[in-house]
Amino acid sequence: MIDSTELVDTKNSTQAKKIFGDQDVYEQELERIFGRCWLFLAHECMLEKTGDFITTTMAEDPVVVTRAKDGSINAFINSCSHRGNRVCTADSGNSKSFVCNYHGWVFGSDGSLVDVPLEETCYHGDIDKSKFGLPKIRVESYRGFVFGCFDDDAPSLNDYLGDWGWYLDTFMVGAGEGMELVGPPMKSTLKCNWKVPAENFVGDAYHVGWTHAAALEVLGGELAMLAGNTAEMPYDQLGLQVTTRHGHGFGVIRQAAASIHVKREGFDKFNQEMIPKVAEKLGQPRADLFDGHWNCTTFPSCSFLYGTNIFKVWHPRGPNEIEVWSYVLVHKSMDDATKKEVVKQAVRSFGTAGTLESDDGDNMVNATSINKGAQARKNRMSSTMAQGHEGPHPDYPGIVGSSFVGETSYRGFYRFYQEIMNADSWQAIHEKDDEWDDMFENKDFWKNKLAGDK
Amino acid sequence: MHDIQPTDRVSLEEHYAISQHAYAEARMLQNHQYKEWLEEIVADDIHLWMPVTERRYRKDKRPEPGPDDMAIYSDDYSEVKQRVDRMYTGTVWMEDPASDIKYLLTNIEAFHTDQADLFKVYTNVAYIRHRQQDERTEHVGSRIDLLRKVGDKFQLVRRKITLDARVTVDKNLYFFG
Ligand code: FES
Ligand SMILES: [Fe+2]
């Protein structure tokens, strides 16, 4: 077992470079993070009818997600209980049952074994089918977003999201009928560690002006002024960063929701109409964030940009590779034309051939591959930006950083990473519930700042 | 217009003109002459389309993706132009040093349509891209083009690219054609 306090130094906000490529670190992540956290599976809208299914993976474990006869959503490992063959080989579809290609065992859409060829003649009737269902995975939904978890001792999805759910509700509850996902997902591979894009989405507005300078210049919009980092900007007034108990976090740039979208009339109109509704349902603090552009990661590996509306899952494929699955978020109550335009604009910027997506790949791959070197991997990386310019806020839960360009949510992401990598069980994590934010020492930051602003 | 159907095969001479046009287009792109490509090859009313196709069971009766469905490319002229303009900003770090790409075009079949100036062209294509030191990626698929004859030149009015791979094994698919 690797001691994760060597990997992550929360006091000095550094991480060992070897966290990106080390096989032993990765194996420990598979067990302690992907084996115990809630992982995104699907949106309920992809599984509307009885028998609807999709296939996905939880880390490297292939999974089938189905809508069973009783209306429940089920997930099970896509591996036959006979000799281990893959049971379902399509991306999605509708089927009453899944027939294994190897010897023809038949599984129902709840994962139970319903038929075995030659049961009487060759098994001599001596097989207890109830013992050979596909291994079931815990499934829960949050606002229509379906997650799975391998650990029975993990908290409920609701508690796992914690304060992050409070923020998600801004657009999942505050605006219209909630949100859904448009697929099928684009899929591509990237030879990088899964944490590189996860940390990038959780808290890296810093790279936007430089990495994406070319795209911002061409697309225009509110963010164009970030291009090249040359404009004088009052960064501390333009947004926030937030981190929460279980490492989920985000940064938000105020009043910039659809800024990456070139064609956005319908989206802008929808947002303007919704602001007062969000205020009415959820109060002013969340209404103030609603029309912002959010970069987010739900720990460990599910990221999205609200406003741009791309939604990504970073499926690890070993320490040095991921598969990127990209969907688009839309509001259910948008009209069809607006939905279509949102999908198109999201994909134009962050799909597989996106104008911004294409800027990120090299950074993520190089941050992984460079640190394989025997000497490079002994060094450390920093995430110290605006350390101390963060703390508990009177209006917003979690730990709130003063600017959207900062590394507060990086620090929170790696704080929880360190904690869960060393924790023996969820029980050990619960025991720290009252002290998780001790590392953010400047408890009066917001009190002083808000008093000063007045 | 993607669904305009082919009629008769073109003549030998027309086939020669169309295939030479395809090679000239590829050479332009290989030479990073994106502006020239946009001006000389792309029609004002272009739709450049690369749908996302799932792996589905044969019995699955859902329709093939249409132009309104999730697509990796679904660009009109202004959107293609934006992609071209980005390449000239001087800040596309991934293309500096520049990558090299080759377009291997085969199985070209060209047809008339029920409109005299429009031709339907089917092509198999392999895009092979080399970057940096040893980065090599390859994308294989088919192209269905609709060309408009203007004088003795052709313009690209519709292009549907279907890649055979479900998972793109590359950092991105940001290249033209
Ligand atoms: S492995 Fe599935 S039926 Fe034998
Ligand atoms: Fe980025």
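Nothing here was measured: the structure is a model prediction, and the numbers come from that model.

**Quick word on the overall build of chain B**
Helix and strand counts for chain B stand at three helices and six strands. Listing every helix and strand of chain B by position from the N terminus yields α-α-β-β-α-β-β-β-β. On C-alpha atoms alone, chain B measures out to a radius of gyration of 17 Å, which is about the 16 Å that the 2.2 N^0.38 rule sets for 177 residues. A principal-axis box enclosing the C-alpha atoms of chain B has dimensions of 45 × 45 × 30 Å. Considering chain B as a whole, with its 177 residues, one finds that 51% of them fall into the buried category. The long-range fraction of contacts in chain B, counting pairs at least 24 apart against all pairs at least 6 apart in sequence, stands at 63%. Counting only carbon and sulfur atoms, one obtains 49% of the accessible surface of chain B, whose full area is about 9100 Å².

**Observations regarding the pattern of salt bridges**
Inspection of the entire model under this criterion finds 42 salt bridges over all chains. The partner of Glu140 of chain A in a salt bridge is Arg138 of chain A, and the shortest N-O contact between them spans 3.2 Å. Note that Asp60 of chain B is salt-bridged to Arg62 of chain B, the shortest N-O span being 2.7 Å. For Arg62 of chain B, a relative accessible area of 37% gives the class partly exposed. The structure contains a network of salt bridges with shared partners spanning Arg245, Arg415, Glu419 and Asp433 of chain A.

**Structural notes on the sheet that holds strand β16 (residues 293-298) of chain A**
Sheets are built from strands paired through backbone hydrogen bonds, the pairs being either parallel or antiparallel. Sheet architecture is open: nine strands sit in the order β13-β19-β18-β17-β16-β15-β14-β22-β21 (chain A), paired in antiparallel fashion. Both edges of this open sheet fall to β13 (179-190) and β21 (390-391) of chain A, since each of them pairs with a single strand only.

**Here's the deal with the confidence of the model for chain B**
On average, residues of chain B score 97 in pLDDT, and 100% of them are at 70 or above. Confidence metrics for the complex model read pTM 0.97 and ipTM 0.97.

**With respect to the sheet that holds strand β6 (residues 153-163) of chain B**
Residues and elements named next belong to chain B. Strand order across the open sheet formed by six strands is β2-β1-β6-β5-β4-β3, with mixed pairing between neighbours. On the outer flanks of this sheet lie β2 (71-75) and β3 (100-112), each paired with one strand and no other. Strand after strand, the sheet turns through a mean of 20° between neighbouring axes, direction not considered. Relative to β6, strand β5 (residues 135-150) runs antiparallel, the two sharing 10 bridges. Paired with Leu147 across the two strands is Leu156, which belongs to β6. Contacting β1 (42-51) and β2, helix α3 (residues 77-87) runs over the sheet at an angle of about 110° to β2.

**Some thoughts on the side chain of Gln15 of chain A**
Residues and elements named next belong to chain A. Structurally, the position occupied by Gln15 is in strand β2 (residues 14-16). Gln15 gets classed as buried once you look at its relative accessible area, which sits at 4%. Only 3.1 Å separates the side chain of Gln15 from the side chain of Ser383, close enough to count as a polar contact. In contact with Gln15, other than residues within four places in its own chain, are Leu7, Val8, Asn379, Arg380, Met381, Ser383 and Tyr414.

**Observations regarding the coordination of the iron ion (ligand 2)**
Residues and elements named next belong to chain A. For the iron ion (ligand 2), the full set of protein donor atoms is His207 (NE2), His212 (NE2), Asp360 (OD) and Asp360 (OD), at a range of 2.1 to 2.4 Å. Metal-centred angles of 56 to 154° between the four donor atoms at the iron ion (ligand 2) mark the site as irregular. For His212, a relative accessible area of 2% gives the class buried. Judged by relative accessible area, Asp360 falls into the buried class, the value being 6%.

**Let's talk about the environment of Met46 of chain A**
Position of Met46 of chain A relative to the elements: it lies in the loop between β3 (39-43) and β4 (52-58). With sequence-adjacent residues up to four places away left out, Met46 of chain A is seen in contact with Asp52, Ile54, Leu181 and Tyr327 of chain A.

Here is what the cut-offs are and how they apply
- Residues numbered from 1 in each chain as written.
- Chains lettered and ligands numbered in written order.
- Predicted model: local features only at pLDDT ≥ 70, side-chain atom pairs only at ≥ 80, totals over all residues.
- Heavy atoms only, no water.
- Helix = DSSP H or I, 4+ residues; strand = E, 2+ residues; numbered from the N terminus.
- Rg over C-alpha atoms; globule rule 2.2 N^0.38 Å.
- Buried < 20%, exposed > 50% of the residue type's maximum accessible area, 1.4 Å probe, protein only.
- Contact = heavy atoms within 4.5 Å.
- Areas by Shrake-Rupley, 256 points an atom, 1.4 Å probe, with all protein chains shown as cover.
- Salt bridge = Lys/Arg side-chain N within 4 Å of Asp/Glu carboxyl O.
- Pairing = 2+ DSSP bridges.
- pLDDT = per-residue confidence, 0-100.
- Axes fitted to C-alpha atoms, helices over the stretch in contact; angles between N-to-C directions.
- Polar contact = N/O pair within 3.5 Å; in protein donor to acceptor, adjacent residues only side chain to side chain.
- Donors = N, O, S within 2.8 Å, 3.2 Å for Na, K, Ca; no water.
- Tetrahedral: all angles 85-135°; square planar, octahedral: opposite > 155°, others 65-115°.

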